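Geometric and topological summary
This is what each chain is made of:
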Amino acid sequence: MPFPKTRMRRLRSSERIRDLVSEVSLSEKDFIYPIFVKEGISKKEPIARMPGQFRYPVDGLEEVIKRCEDAGIPGVLLFGIPKDKDAAGSEAYKREGVVQGAIKKIKELSDIAVFSDVCLCQYTDHGHCGVLDRDIVDNDRTLDLLKKTAVSHARSGADYVAPSAMMDGQVAAIREALDKEGFGDIGIMSYSAKFASAFYSPFREAAGSAPQFGDRKSYQMDYRSPTQALREIELDINAGADIVLVKPALPCLDIIRRAKEKYNVPLAAYQVSGEYALLRSGILDKEALHESLTAIKRAGADIIISYAALELGELL
Ligand code: PBG
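Thresholds, definitions, all that
Residues numbered from 1 in each chain as written. Predicted model: local features only at pLDDT ≥ 70, side-chain atom pairs only at ≥ 80, totals over all residues. Heavy atoms only, no water. Helix = DSSP H or I, 4+ residues; strand = E, 2+ residues; numbered from the N terminus. Rg over C-alpha atoms; globule rule 2.2 N^0.38 Å. Contact = heavy atoms within 4.5 Å. Areas by Shrake-Rupley, 256 points an atom, 1.4 Å probe, with all protein chains shown as cover. Lys, Arg positive; Asp, Glu negative; His and termini not counted. Charge placed at Lys NZ, Arg CZ, Asp CG, Glu CD. Patch = residues over 30% accessible without salt bridge, like charges linked within 9 Å, V, L, I, M, F, W, Y side chains within 5 Å. Salt bridge = Lys/Arg side-chain N within 4 Å of Asp/Glu carboxyl O. Core = buried A, V, L, I, M, F, W, Y, C linked by side-chain atoms within 4.5 Å. Buried < 20%, exposed > 50% of the residue type's maximum accessible area, 1.4 Å probe, protein only. Pairing = 2+ DSSP bridges. Near = heavy atom within 4 Å. Polar contact = N/O pair within 3.5 Å; in protein donor to acceptor, adjacent residues only side chain to side chain. Axes fitted to C-alpha atoms, helices over the stretch in contact; angles between N-to-C directions. Parallel < 35°, antiparallel > 145°, perpendicular 65-115°, else oblique. Nonpolar A, V, L, I, M, F, W, Y, C, P; charged D, E, K, R; others polar. Disulfide = S-S within 2.5 Å.

A few points about the overall build of the protein chain
Regarding its fold elements, the protein chain presents 11 helices and 12 strands. For a compact globule of 316 residues, the expected C-alpha radius of gyration is about 20 Å, and the protein chain comes in at 20 Å, within 12% of that figure. C-alpha extents for the protein chain along the principal axes are approximately 70 × 40 × 40 Å. Across the protein chain, the fraction of contacts at a sequence separation of at least 24, relative to all contacts at a separation of at least 6, is 74%. Surface exposure of the protein chain reaches about 14900 Å², of which carbon and sulfur atoms provide 49%. Here the protein chain contributes 44 positive and 47 negative side-chain charges, whose respective centroids are spaced 5 Å apart.

Dropping the structure here:
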């Protein structure tokens, strides 16, 4: 029915009406909060390009876990920053490594769900996500190390491991290793569609994980290729991923929507460091953060990983 019988503004006439007709709302229960844990520091360190974010020592995690609980956030995602790095990223799968210690500590403090990032880039001296064969990342040799890393996280008490290295076959390899070691109940949240993105740069600075030569384009995806993203997601579902993830989030709303429509697995989206840094740059006010997070959920994300998770109380 055309105007003047139809007046769309009647659906926007007051806050009450707008609330009633709205279709998407954020809940703190949708969120996972990323936490950086650093070896060899005694106090938390602020992260320069990510206002309000810190690197924590294992012994200083209590404060941030308490904040997650107060905020009602169901899960955290851990990233380790080791003191020593080497070509094989050995600190990633050490029994007493920094993330392994952090997982144990958090499990003593809380029943919050612990997700742990499984990748080598913070742990290798060359900064790539796997081991090198000359200047190429060796996919298959890296799989063995990712398996060891995932099993060590499970042994420390992680609920979910989150492989982010973008090696082919990583989900199948990790599922098999977990099952073989008796960790059949530990889940996999796979970074299935992870694009080589300039939006990761504040994270790389925060974690000291920038590649020392070249870039990650031979393993992370090309953002001009959306169909490949869907193929990656499908492969990971078939390999046993329990939750699939798209990353970054706002630049990938189309992928989130298409994945949501196509597959019946829980879908996570990662609002990455560069998205957060831009939204917190002081140019825009907090409403822009709310708008972005709502757009990510509206596109179809069931779970949002966001550095803003602890500020939601102020946004909602
Ligand atoms: C590790 C990893 C990265 C991020 C999450 N896991 C960095 C990268 O791939 O270079 C980025 C997260 C962010 O930017 O917030 N591979």
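Details of a nonpolar patch on the surface
Taken together, the side chains of Met8, Leu11, Ile17, Leu20 and Val21 define a hydrophobic patch exposed on the protein surface, amounting to about 460 Å² of accessible area. Along the polypeptide, Met8 turns up in the segment before α1 (15-21).

Quick look at the nonpolar core
Buried together is how nonpolar side chains tend to be arranged in soluble globular proteins. Residues Ile35 and Phe36 are the most contacted members of the largest nonpolar core, which totals 106 residues. In this structure, Phe36 is in contact with Ile47, Met50, Phe54, Arg55, Tyr56, Phe79, Ile81, Phe203, Ala206, Ala207 and Tyr307, ignoring residues within four places of it in sequence.

A few points about the pairing of strand β1 (residues 31-38)
Consecutive side chains along a regular strand alternate between the two faces of the sheet. Within β1, seven of the eight residues are buried, which leaves the element mostly enclosed by the surrounding structure. Note that β1 and strand β12 (residues 303-306) share two bridges and pair parallel. Looking at the pairing, Phe31 lines up with Ile304 of β12. Sheet topology places β1 next to strand β3 (residues 54-56); two bridges connect them, and they run parallel. Looking at β3, one finds that Phe36 is bridged to Arg55.

So, the pairing of strand β10 (residues 243-247)
Judged by how many residues are buried, β10 sits mostly within the fold: five of five residues are covered. The alternating pattern of β10 places Ile243, Leu245 and Lys247 and Val244 and Val246 on opposite faces, both of which are buried. Here strand β9 (residues 187-194) runs beside β10; their pairing, made up of four bridges, is parallel. The partner of Ser190 across the bridge, within β10, is Val244. The pairing of β10 with strand β11 (residues 267-271) spans three bridges and is parallel. The residue of β11 that forms the bridge with Leu245 is Ala268.

Describing the site of the ligand
Around the ligand sit 18 residues, and of these Lys194, Arg204, Lys247, Ser273 and Tyr307 come closest. Arg204 places a side-chain nitrogen or oxygen 2.6 Å from an oxygen atom of the ligand. Separating an oxygen atom of the ligand from a side-chain N or O atom of Gln220 is a distance of 2.8 Å. Taken by itself the ligand offers 400 Å² of open surface, and the protein chains cover 100% of this.

Quick word on the pattern of salt bridges
As enumerated under the stated definition, the model contains 20 salt bridges in all. The closest approach of N and O atoms between Glu91 and Lys94, which form a salt bridge, is 3.1 Å. Judged by relative accessible area, Lys94 falls into the partly exposed class, the value being 35%. Of the charged contacts, one joins Asp138 and Arg141 as a salt bridge, the two residues approaching to 3.2 Å between their closest N and O atoms. Overall, the relative accessible area of 46% leaves Arg141 in the partly exposed class. Put simply, Arg280, Lys286, Glu311 and Glu314 are held in one network by salt bridges that share partners.

A look at the packing of helix α8 (residues 253-262) against helix α10 (residues 287-299)
Relative orientation of the contacting elements α8 and α10 amounts to 30°, with a least axis distance of 8 Å. One way to sum up the angle between α8 and α10 is to call them roughly parallel. Residues Leu253, Ile256, Arg257 and Lys260 of α8 touch α10, and the partners they reach there are Ala295, Ile296, Arg298 and Ala299. Per-class residue counts for the contact of α8 with α10 are five nonpolar, no polar and three charged.

Regarding the environment of Asp144
Within the fold, Asp144 resides in helix α4 (residues 139-156). Take Asp144: its relative accessible area is 43%, and that puts it in the partly exposed class. Considering only alpha carbons, one finds Asp144 and Gln170, 26 residues apart in sequence, at a separation of 9.1 Å.

A few points about the state of the cysteines
Within this structure, the stated rule accounts for zero disulfides. With no disulfide partner, Cys119 has as its closest neighbouring cysteine sulfur the one in Cys129, 3.6 Å distant.

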